[in-house]
Amino acid sequence: LSNAKPVLEHFDIPATVFITSGYVGATREFWWDELEQILLRPCQLPATLELSIGEKKWHWDLGPAAHYTEAEYRRELNRKAWQGKPGSRHAFFYSIWQTLQPLNDCARLPLLDAISAWAGARPEVRPSHRALDENELRSFAGNGLLEIGAHTVSHPFLPAHPLNVQFEEIKDSKRQLEILLNSPVTSFAYPHGSYNGETRAMVKEAGFTSAFTSVERLARPGIGCLELPRFQVEDWSGEEFLKRLEFWLGNRRFPC
């Protein structure tokens, strides 16, 4: 809203922003951000963590990762979680993330509360991490250039859930956003880019006319409208982004 929208409008670039409807105006951050706030901060954690998920018990021995200094925090601030070295705080965080990812919010949020209590943390909704509220979302979509698409209700890993749960997540996100915006919502993005044939069929049944994956390739004729590919743009310099664009588009040259 505050960074992308003015730039897109200035250069008259249309864009779609995919919204997880259950988090609009939420009093908690997205679960992965809350987990980062709990675990990836300079602190001393207990030596072990145990969680019960359904009938299964999970156990982690933190070892050296229990102690995380300010210097380590600053040094690893831009490290991707999955790049953490074995035995590091990042590796511990990523292991917890992988364990929580397939769950739905009803199962996941109590576990987050338990991890927070175990860590002695008090997560808060940071201005830099909070989701848009209803009025902000309406203002984002009010100029005709920027489209709002649906991204489920709670951002689950869809294929890990029963078909009825998947369909509720898909159709309810559309319904909730259409009520909020008073306009049709016809685009969808699969959370984590994960889907299968049954998921795709439910997206079509819910009334979406396009759906986006995280497969990195060009959208050529013959690709189905419910499996559209995209390229991920990371925190690159302008020069690096230009090189990537030229590579993606067959070394076509662009003016700087």
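Please refer to the structure placed before this passage.
Quick caveat, the model's predicted, so the values are computed rather than measured.

Q: Explain the packing of helix H4 (residues 89-100) against helix H5 (residues 105-119) here, please?
A: If you want to describe how two helices pack, look at the angle between their axes and the distance between the axes. It is at 11 Å that the axes of H4 and H5 come closest, and there the two elements cross at 155°. The angle between the axes of H4 and H5 places the two elements in the roughly antiparallel class. Like other packed secondary-structure pairs, H4 and H5 cross with a definite hand, here right-handed. Only Arg108, Leu111, Leu112, Ile115 and Trp118 of H5 make contact with H4, whose side of the interface consists of Phe92, Ile96 and Leu100. Classifying every residue of the contact of H4 with H5 gives 7 nonpolar, no polar and 1 charged.

Q: Got a minute to help me understand the environment of proline 159 in this structure?
A: Looking at where proline 159 falls in the secondary structure, it is placed in the loop between strand E6 (146-150) and helix H7 (163-181). When the C-alpha atoms of proline 159 and serine 194 are compared, they prove to be 7.0 Å apart, with 35 residues separating the residues in sequence. Apart from the residues lying within four places of it in its own chain, the contact partners of proline 159 are Gln166, Ser194, Tyr195, Asn196 and Thr199.

Q: Even after reading the chapter, I still don't get unusual backbone geometry, so can you show me in this structure?
A: Across residues other than glycine, the phi torsion is negative in most instances, and most of the peptide bonds are trans. In the Ramachandran plot, aspartate 12 falls in the positive-phi region, its phi being about 55° despite a non-glycine side chain. You can call aspartate 12 exposed: its relative accessible area is 57%. The residue asparagine 182 is not glycine, and still its phi comes out positive at about 55°. In this structure, asparagine 182 sits in the loop between H7 and strand E7 (187-189).

Q: Would you take a moment to explain the pattern of salt bridges for this structure?
A: Oppositely charged side chains can form a pair if their charged atoms are brought close together. In total, this model carries 16 salt bridges according to the counting rule given. A salt bridge links glutamate 36 to arginine 126, with the nearest nitrogen and oxygen atoms 3.0 Å apart. Residue glutamate 36 is located in helix H2 (residues 31-39), and its partner arginine 126 is located in the loop between H5 and helix H6 (134-140); the two are separated by 90 residues in the primary sequence. A relative accessible area of 17% means that arginine 126 is categorised as buried. Residue arginine 244 pairs with glutamate 240 through a salt bridge whose shortest N-O separation is 2.7 Å. Separated by 4 residues within a single helix, arginine 244 and glutamate 240 lie in helix H9 (residues 238-248), roughly one turn from each other. Overall, arginine 244 belongs to the partly exposed group, its relative accessible area being 33%. You can call glutamate 240 partly exposed: its relative accessible area is 26%. When salt bridges that share partners are traced, they join Arg28, Glu34 and Asp113 into one network.

Q: Would you mind going over the packing of H7 against helix H8 (residues 197-205) with me for this structure?
A: Packing of H7 against H8 leaves a shortest axis separation of 10 Å and a crossing angle of 40°. Here H8 runs oblique to H7, going by the angle between their axes. Judged by the twist between their axes, the crossing of H7 over H8 is right-handed. In this structure, H7 contributes Leu163, Gln166, Phe167 and Ile170 to the contact, and H8 contributes Glu198, Thr199, Met202, Val203 and Glu205. For the contact of H7 with H8, the per-class residue count stands at 5 nonpolar, 2 polar and 2 charged.

Reading guide: rules and limits
Residues numbered from 1 in each chain as written. Predicted model: local features only at pLDDT ≥ 70, side-chain atom pairs only at ≥ 80, totals over all residues. Heavy atoms only, no water. Axes fitted to C-alpha atoms, helices over the stretch in contact; angles between N-to-C directions. Helix = DSSP H or I, 4+ residues; strand = E, 2+ residues; numbered from the N terminus. Parallel < 35°, antiparallel > 145°, perpendicular 65-115°, else oblique. Left-handed = near helix turned anticlockwise from the far one by under 90°. Contact = heavy atoms within 4.5 Å. Nonpolar A, V, L, I, M, F, W, Y, C, P; charged D, E, K, R; others polar. Buried < 20%, exposed > 50% of the residue type's maximum accessible area, 1.4 Å probe, protein only. Salt bridge = Lys/Arg side-chain N within 4 Å of Asp/Glu carboxyl O.

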